[in-house]
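Spelled out, the chains give:
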Amino acid sequence: MKEIRVLHLVLKCKWYDMIAAGIKTEEYRAMTPYWKKRLAKHYTHVCFHRAYTSTTIYVELNGITEGYGKPEWGAKNEVTHILHLGKQEPCIWKYINHQ
């Protein structure tokens, strides 16, 4: 089994709900040194947190590119990091090494 690396992100309820419903298939992060360094790691999944609640969902990460996102999905009109989301993984927590 390949190593699972999870990126944890907190989202506003609107964006979380769209991802959970399978509507939104991309998430965006600004082109800042902080996000460039953080996204340079090779993540396999994203754990989205619905605001600051205990409600989470795990989603496969199919890659990260740079470009213009969709404004209707929260992207600003500037080049941004685009996280391409895959299928939801509701049972991934069983495979994560909790240390």
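Right above here is the structure, for reference.
Residues numbered from 1 in each chain as written. Predicted model: local features only at pLDDT ≥ 70, side-chain atom pairs only at ≥ 80, totals over all residues. Heavy atoms only, no water.

The next thing to look at is the overall build of the protein. The number of helices and strands found in the protein is two helices and five strands. The N-to-C order of helical and strand elements in the protein reads β-α-β-α-β-β-β. With 99 residues in all, the protein has 36% of them scored as buried. Relative to all contacts within the protein whose residues are 6 or more apart in sequence, the contacts with residues 24 or more apart total 68%. With an accessible surface of roughly 6,500 Å², the protein has 54% of that area assigned to carbon and sulfur atoms. (Helix = DSSP H or I, 4+ residues; strand = E, 2+ residues; numbered from the N terminus. Buried < 20%, exposed > 50% of the residue type's maximum accessible area, 1.4 Å probe, protein only. Contact = heavy atoms within 4.5 Å. Areas by Shrake-Rupley, 256 points an atom, 1.4 Å probe, with all protein chains shown as cover.)

Within helix H1 (residues 13–20) the residues assigned to the buried category are Trp15, Tyr16, Met18 and Ile19. One side of H1 carries all its buried residues, which in axial view fall inside an arc of 165°. The inward-facing, buried residues of H1 abut strand S1 (6–11), strand S2 (26–29), strand S3 (45–50), strand S4 (56–67) and strand S5 (80–88). Directly after H1, the chain includes Gly22, whose backbone phi takes a positive value near 85°. (Arc of directions from axis to C-beta.)

Let's shift gears to the pattern of salt bridges. Scanning all chains against the criterion turns up three salt bridges. We note a salt bridge from Arg50 to Asp17, for which the minimum N-O separation is 2.8 Å. Placement of Arg50 in strand S3 and of Asp17 in helix H1 is noted, with a sequence separation of 33 residues between them. By relative accessible area, Arg50 is classed as partly exposed at 26%. Across the pair Glu27 and Arg29 runs a salt bridge whose closest N-O atoms are separated by 2.8 Å. By the burial criterion, Glu27 is buried, and Arg29 matches it. One network of salt bridges, in which partners are shared, links Lys24, Glu27 and Arg29. (Salt bridge = Lys/Arg side-chain N within 4 Å of Asp/Glu carboxyl O.)

Before going further, it helps to examine the environment of Glu27. The topology assignment puts Glu27 in strand S2. Sequence separation of Glu27 and His81 is 54 residues, and the distance between their C-alpha atoms is 8.2 Å. In this structure, Glu27 is in contact with Leu9, Leu11, Ile19, Phe48, His81, Ile82, Leu83 and Leu85, ignoring residues within four places of it in sequence. At 2.8 Å, the side chain of Glu27 forms a polar contact with the side chain of Arg29. (Polar contact = N/O pair within 3.5 Å; in protein donor to acceptor, adjacent residues only side chain to side chain.)

Another aspect to go through is the pairing of S4. Across five bridges, the pairing between S3 and S4 is antiparallel. In the strand pairing of S4, His49 is matched with Thr56. Between S3 and the antiparallel strand that follows it, S4, lie five residues; Ala51 among them carries a positive phi value of about 55°. Bridge count for S4 against S5 is seven bridges, and the pairing is antiparallel. Its bridge partner lying in S5, Val59 is registered against Gln88. (Pairing = 2+ DSSP bridges.)

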